[in-house]
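Structural characterization, general
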Amino acid sequence: MPTTRLDDLGRETTFEELHSRLHLHPREAELRDFEPRPNGPPPARLRIIDGGIDGSGDTDTGKGPYVVLVDGPLKTSGHLDLWTYEYLPGLVIVRGDLQARTLSFGNGARVFVEGSVFVDDWLFGRYGDHNAVLSAKGELRARASFLDVHTFLYADGGVRSLLYASRAGWETLEPDIANEGEGDGKDFFDPAVLDRYGDLDFKRAIQAAREGRPLFLPGVEERFPARLTSRNTK
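Let us look at the structure shown here. Here the residue index of a chain counts from 1 through its sequence in written order. Only residues with pLDDT of 70 or above have their local features reported here, since the model is predicted, and side-chain atom pairs are shown and tallied only from 80 upward, although totals for entire chains, interfaces and linings are computed over all residues. The side-chain values count all of the structure's non-hydrogen atoms but skip hydrogen atoms and water molecules.

This paragraph deals with the pattern of salt bridges. A side chain of one charge can pair with a side chain of the opposite charge if their charged atoms are brought near each other. Should a side-chain nitrogen of Lys or Arg be within 4 Å of a carboxyl oxygen of Asp or Glu, the pair is scored as a salt bridge. Using the criterion set out here, one finds 20 salt bridges in the structure. D8 serves as the salt-bridge partner of R45, at 2.7 Å between the closest nitrogen and oxygen. Of the two residues, R45 sits in strand 3 (residues 45–50) while D8 sits in the loop between strand 1 (4–5) and strand 2 (11–12), which places them 37 residues apart along the sequence. Buried means the residue's accessible area, taken with a 1.4 Å probe over protein chains only, is under 20% of the maximum for its type, while exposed means over 50%, and partly exposed covers the values in between. For R45, a relative accessible area of 35% translates into the label partly exposed. Linked by salt bridges that have partners in common, R11, E17, R21, D50 and D71 make up one network. The secondary structure listing takes helices from DSSP runs of H or I that are at least 4 residues long and strands from runs of E that are at least 2 residues long, numbered from the N terminus.

Here it is, written out as structure tokens:
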């Protein structure tokens, strides 16, 4: 089944309409990063998806820049990959819940969900070279979430997930497994998703997740009962 491009769906729009739709919305100011200006980023693809998305298969985005307003929930039964190329910005606003089997975001993608985020299996955030973030007004649930040092997730309703992340990246939420690049991944992860230094290889891990292969060694998840409780990210 072919992959669906999120920034090809819906209809083309304008900054004027986006400002009208998001008037007094807390994320309206995000549009400034995409509006034409001298020495600014290339022209952005501007899309509105009325009514939301209820799809099957995998969904991703282009290289950016793009602004996608999903005026409703975003649901897919496959892998959802929200990303940009190098330092290009991307903005996705979901005015409902976000649901996916597996999810990854990174680079310059900023994803704001007005509902909750429900990921059946694994969630990944990597290459946050332009403040990549996934933020939900509701709760965030995933079997486990894997973040590099420059990529962040927040949920006003709390996070219910095993968390692999850098201790330097959090104010109040302590990672269950620290991502400190110390070569101790062999104590937690299946050898097939490790790099040559013994750390988690995000590219290999995402591919394994998409194929339904294991990421953790047997029994590792059960060692972290806090993954089943709701924890505050702010």
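Residues in a regular strand project their side chains so that they alternate between the two faces of the sheet. Pairing between strands is defined by DSSP: at least two bridges between them are needed. Sheet analysis places strand 2 next to strand 3, joined by 2 bridges and oriented antiparallel. From the neighbouring strand, E12 faces strand 3, where its bridge partner is R47. Where strand 3 lies against strand 6 (residues 66–71), 6 bridges are found, and the strand directions are parallel. Within strand 6, the residue paired with R45 across the bridge is Y66.

The subject of this paragraph is the environment of R227. Tracing the backbone through its elements, the reader meets R227 in the segment after helix 2 (202–211). Here R227 falls in the buried class, since its relative accessible area comes to 16%. With 171 residues separating them along the chain, R227 and S56 place their C-alpha atoms 28 Å apart.

Moving on, we come to helix 2. Those residues of helix 2 lying buried are F202, A205, I206, A208 and A209. Angularly, the buried residues of helix 2 cover 160° about the axis, an arc narrow enough to put them on a single face. Contacts are residue-level and defined by heavy atoms, with any inter-residue pair within 4.5 Å sufficient. Taken together, the buried residues of helix 2 touch strand 8 (79–82), strand 11 (102–106), strand 14 (122–126), strand 16 (140–147) and strand 18 (159–165). Under the rule applied, a polar contact is a pair of N or O atoms within 3.5 Å (in protein, one hydrogen donor and one hydrogen acceptor; residues adjacent in sequence only if both atoms are side-chain atoms). If you check the start of helix 2, you find a side-chain oxygen 3.0 Å away from the backbone N of K203, and it comes from D201. In the segment just after helix 2, G212 is the residue with positive phi, at about 75°. Comment: arc refers to directions from the helix axis out to C-beta atoms.

With that settled, the discussion passes to the sheet that holds strand 12 (residues 109–113). In spatial order, the strands read 2-3-6-9-12-15-17; together these 7 strands make up an open sheet with mixed pairing. Each end of this open sheet is capped by a strand with a single partner; those strands are strand 2 and strand 17 (152–155).

Only rings of Phe, Tyr and Trp enter the pairing, Trp through its six-membered ring, and a pair is recorded when the two centres are within 6.5 Å. The plane angle decides the type: under 30 degrees is stacked, over 60 is edge-to-face, the rest tilted. Inspection of every chain in the model, using the stated rule, returns 11 aromatic pairs. Measuring from ring centre to ring centre gives 6.5 Å for Y164 and F202, while their planes differ by 40°; the resulting arrangement is tilted. In this pair, Y164 is assigned in strand 18 and F202 in helix 2, connecting sequence segments 38 residues apart. The exposure class of Y164 is buried, given its relative accessible area of 5%. Look at F202 and you get buried, because its relative accessible area is 11%. Ring pairs connect the aromatic residues W122, F124, F146, Y164, F188, F189, F202, F216 and F224, which therefore count as one cluster. Should the NZ of a Lys or the CZ of an Arg lie within 6 Å of a ring centre and within 35 degrees of the ring normal, that charge is described as sitting over the ring. The residue whose ring lies beneath K63 is Y85, and the NZ or CZ to ring-centre distance is 5.0 Å.

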